[in-house]
Amino acid sequence: MSELRELYQEIVLDHNSRPRNFKEIEDADRVVEGYNPLCGDKIMLYVKFEGDTIADIGFQGTGCAISRASASLMTQQVKGRNVAQAEKLFDRFHEMVTGNVDGDLDFEDLGDLEVMAGVSNFPSRVKCATLSWHSLRSALKSQEAHVTTE
Amino acid sequence: MTTAKPAESPRPSLTSEAPLDVQRVRRDFPILQQQVRGRPLVYLDNAATSQKPHQVIDTLTRYYTKENSNIHRGVHYLSELATTKYEATRSTVKRFINAGEEREIVFVRGTTEGLNLVAQSFGRQRVGEGDEVIISTMEHHSNIVPWQMLCEERGARLRVIPINDDGELLLDEYEKLLSPRTKLVSVVHVSNSLGTINPIKRIIETAHAQGVPVAIDGAQAAPHLRLDVQDLDCDFYTFSGHKLFGPTGIGVLYGKAEHLEAMPPYQGGGDMIKSVTFEKTTYNDLPYKFEAGTPHIAGVIGLGAAIDYVEGIGLDRIGAHESELLRYGIERLSAIDGLKLIGTAGHKASILSFVLDGVHPHDVGSILDGEGIAIRTGHHCTQPVMERFGIAATARASLAFYNTKEEIDALVEGIHHVSEVMG
Ligand SMILES: Cc1ncc(COP(=O)(O)O)c(C=O)c1O
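Residues numbered from 1 in each chain as written. Chains lettered and ligands numbered in written order. Predicted model: local features only at pLDDT ≥ 70, side-chain atom pairs only at ≥ 80, totals over all residues. Heavy atoms only, no water.

Enquirer: It is not clear to me how the overall build of chain B should be interpreted in this structure. Could you clarify?
Expert: Tallying secondary structure elements over chain B gives 14 helices and 17 strands in all. Relative to a compact globule of 423 residues, whose C-alpha radius of gyration would be 22 Å, chain B shows 22 Å and is just as compact. Structurally, chain B occupies a C-alpha span of about 75 × 55 × 40 Å along its principal axes. For chain B, with 423 residues in total, the buried portion stands at 59%. Summarising the internal contacts of chain B: among those between residues at least 6 apart in sequence, 73% fall at separations of at least 24. For chain B, the exposed area adds up to about 16,600 Å²; of that, 50% sits on carbon and sulfur atoms. (Helix = DSSP H or I, 4+ residues; strand = E, 2+ residues; numbered from the N terminus. Rg over C-alpha atoms; globule rule 2.2 N^0.38 Å. Buried < 20%, exposed > 50% of the residue type's maximum accessible area, 1.4 Å probe, protein only. Contact = heavy atoms within 4.5 Å. Areas by Shrake-Rupley, 256 points an atom, 1.4 Å probe, with all protein chains shown as cover.)

Enquirer: Even after reading the chapter, I still don't get the packing of aromatic side chains, so can you show me in this structure?
Expert: Here the distance between the centres and the angle between the planes together describe a pair of aromatic rings. Residue and element names in this part refer to chain B. Within the structure shown, the criterion is met by 15 aromatic pairs over all chains. Between Phe-122 and Phe-236, the ring centres sit 4.9 Å apart and the planes meet at 65 degrees, which makes this aromatic pair edge-to-face. On the criterion of sequence distance, the pair formed by Phe-122 in helix α4 (residues 111-126) and Phe-236 in strand β9 (residues 236-240) is long-range, its members being 114 residues apart. For the pair Phe-122 and Phe-236, a shared accessibility class is recorded, and that class is buried. Ring geometry for Phe-245 and Phe-401: centres 4.8 Å apart, planes at 55 degrees, overall tilted. With Phe-245 in the loop between β9 and β10 (251-255) and Phe-401 in the loop between β17 (394-398) and α14 (405-422), the pair connects residues that are 156 residues apart, well separated along the chain. With respect to burial, Phe-245 and Phe-401 carry one shared label: buried. Here Arg-388 stacks its cationic end above the ring of Phe-389, 5.5 Å away from the centre of that ring. When the ring centre of Tyr-328 is taken as origin, the NZ or CZ atom of Lys-405, which lies over that ring, is 5.2 Å away. (Phe/Tyr/Trp six-rings, centres within 6.5 Å; stacked < 30°, edge-to-face > 60°. Lys NZ or Arg CZ within 6 Å of the ring centre and 35° of its normal.)

Enquirer: Can you help me understand the interface of chain A and chain B in this one?
Expert: One widely used convention gives an interface's size as the accessible area the parts lose upon coming together. Listed per partner, the contact involves 19 residues of chain A and 15 residues of chain B. Here chain A packs against chain B, burying approximately 1,400 Å² in sum over the two surfaces, 54% of which is carbon and sulfur. Viewed at the interface, chain B and chain A are joined by 1 salt bridge. In this assembly, chain A and chain B are joined by 7 residue pairs in polar contact (both at pLDDT 80 or more). Looking at the side of chain A that touches chain B, the elements that each hand over two or more residues are α1 (2-7), α2 (10-17) and α3 (65-78) of chain A. Sort the elements by how many residues they give to the side of chain A that touches chain B and α1 of chain A lands first, with 3 residues. Grouping the constituent residues of the side of chain A that touches chain B by class yields 13 nonpolar, 2 polar and 4 charged. (Buried area = accessible area lost by both parts, 1.4 Å probe. Salt bridge = Lys/Arg side-chain N within 4 Å of Asp/Glu carboxyl O. Polar contact = N/O pair within 3.5 Å; in protein donor to acceptor, adjacent residues only side chain to side chain. Nonpolar A, V, L, I, M, F, W, Y, C, P; charged D, E, K, R; others polar.)

Enquirer: Please clarify how the nonpolar core should be interpreted in this entry.
Expert: Soluble, globular proteins show a tendency: their nonpolar side chains are buried together. All names here are of chain B. In this structure, Ile-97, Val-185, Tyr-237 and Phe-401 are the most contacted members of the largest nonpolar core, which totals 73 residues. With 9 residues, helix α10 (residues 297-313) is the largest single contributor of residues to this core. Apart from the residues within four sequence positions on either side, Val-185 is in contact with Ile-134, Tyr-174, Leu-178, Ile-203, Ala-207, Val-212, Pro-213, Val-214 and Ala-215. In terms of nonpolar packing, the next biggest core, distinct from the first, is built from 68 residues, Leu-341, Phe-354, Val-412 and Ile-415 among them. (Core = buried A, V, L, I, M, F, W, Y, C linked by side-chain atoms within 4.5 Å.)

Enquirer: What is the right way to look at the packing of helix α12 (residues 361-369) of chain B against α14 of chain B in this model?
Expert: For any two helices packed against each other, one specifies the inter-axial angle together with the distance between the axes. Residues and elements named next belong to chain B. Closest axis-to-axis distance for the α12/α14 pair is 9 Å, and the angle between their directions is 115 degrees. Considering their axes alone, α12 and α14 lie roughly perpendicular with respect to each other. Both α12 and α14 take part in a crossing whose hand is right-handed. Across from Asp-363, Val-364, Ile-367 and Leu-368 in α12, the residues of α14 making contact are Leu-411, Gly-414, Ile-415, Val-418, Val-421 and Met-422. Residue composition of the contact of α12 with α14, by class: 8 nonpolar, 1 polar and 1 charged. (Axes fitted to C-alpha atoms, helices over the stretch in contact; angles between N-to-C directions. Parallel < 35°, antiparallel > 145°, perpendicular 65-115°, else oblique. Left-handed = near helix turned anticlockwise from the far one by under 90°.)

Enquirer: Could you clarify how one ought to interpret the side chain of Ser-69 of chain B in this entry?
Expert: All names here are of chain B. Assignment of secondary structure puts Ser-69 in the loop between α2 (54-67) and α3 (77-97). Relative accessible area serves as the criterion here: at 9%, Ser-69 is assigned to the buried category. Here the side chain of Ser-69 touches Ser-79 through a polar contact of 3.3 Å, landing on its backbone nitrogen. Setting aside its immediate chain neighbours within four residues, Ser-69 contacts Tyr-63, His-76, Leu-78, Ser-79, Ala-82 and Ile-297.

Enquirer: How should I be thinking about the site of the ligand in this particular structure?
Expert: Residue and element names in this part refer to chain B. The environment of the ligand is made up of Thr-111, Thr-112, His-140, Ser-142, Val-188, Asn-192, Asp-217, Ala-219, Gln-220, Ser-240, His-242 and Lys-243. Taking Thr-112, its side chain carries an N or O atom lying 2.5 Å from an oxygen atom of the ligand. At 2.7 Å from an oxygen atom of the ligand is found a side-chain nitrogen or oxygen belonging to Lys-243. When the ligand sits alone it has 400 Å² of accessible area, and the protein chains cover 85% of it. (Near = heavy atom within 4 Å.)

None of the figures reported here should be taken as evidence of function without further support.
In structure tokens, the structure reads:
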């Protein structure tokens, strides 16, 4: 049970019921659709740049609590960062949720994202937590406009 | 609500009237004895795959320990033994589905392969440009995609029987879809995401009246209903061993001999030939024409043990127990605030698909898993069904004869817990 409580922490539930940056950005520079074929969850991610800084970011779509909360937390954490910082955050976040940690379990630099650490106990939910991040990465690299978690 | 009572059951039950002794049958399933996440396992994912009784496990162990050999053409003791057991299962299957002849039983990998075989061999022969194939809204992807592939290749058209809000086929619409262009109908006997038991006997009669053959996806029917392919008069019927308490990787395709005779082989190779020269190959007789290569011998023999086991319990007894479980499950789940059952057909098998207000099925699944309760969440390989009901996914508890009312109570308690955790 404690593992479950760790997964569904207050902050996670709060971001699920009141997702931040849950909006469409009409003049976004990048719009990416993320799709998790496992469950049919879909998100649209909107990113607006100023230089190589993420000036604004928003998302919309349906999904489980983990994917919604993760997307919401992500938008808060990457807004105002530049591409390189966001990429680094992606790597750290990925290490945390997959439990593939080299060295110390120190996620302080992840800020609020740390509340998603409980996902590592539920391998089947990693894709829920990383859907928005994969979409972001693709937006940063501006390759495809459609990503899946597969 | 009437339940898993087979509409087509002309054969009398061989079993006595005594109800199923659940605690006793549970002891046959080693996996059910274990704890998961510190709780007794509550396994409610039987539509995905069923658990195996030790009778099946022991049969597999014995096969690999004492009987393993390649079948057919062997002159030595073990090969004869393995061949005899392999072919004995064919006879078991023939009896199980009341087929007319053993050569109408083809061993395949599972339902998916059975349907692909029908599409690629029978379908290709019959379906041409401008023709139509009829399926239904509630098909598993494995009864959609093979027909889509065929239709695309042939320039034919896929037509789809709609369903109502309870998840029942609209038979009037079906009759309207049938036309001289219809070359084949392929529908599911029991829906894996809704539980609906379709009136396939009537569907088959209607198609036959217009000379159209019918294939049936029996993946979810075989574990619950007494089958009689001669009474149904279906042209093809296919099911998977792993959903019937047998091994994975093995299944059955029944086809009427007249069709199988006329169909080209599905795969070429050893065992499916009589003689091969570079100029000409003569194909083997039925059913070997469709069993190219070394088959899943252990799987076939294990499937035989599974069918023996199920018949030993008796499908009527299984049906009665599951009907009562379903009735109880519907009663308890419907009483939960904010829970909506998806699939409320009047005639259905023990499958309970549901959505919870404000909670995504994935979260329901993880929280129940935390209590050792295994259900499935997602689209269940039936995305058109999800679309029909305007949802992305459901949570699904699917019951087998070894499930108990106490396990349904645990599920209900777990669902209440979901609401607590999710706030
Ligand atoms: C109704 C139905 N048809 C077909 C299949 C496919 O069966 P298999 O994966 O064993 O080939 C399934 C299994 O999920 C099913 O439930």
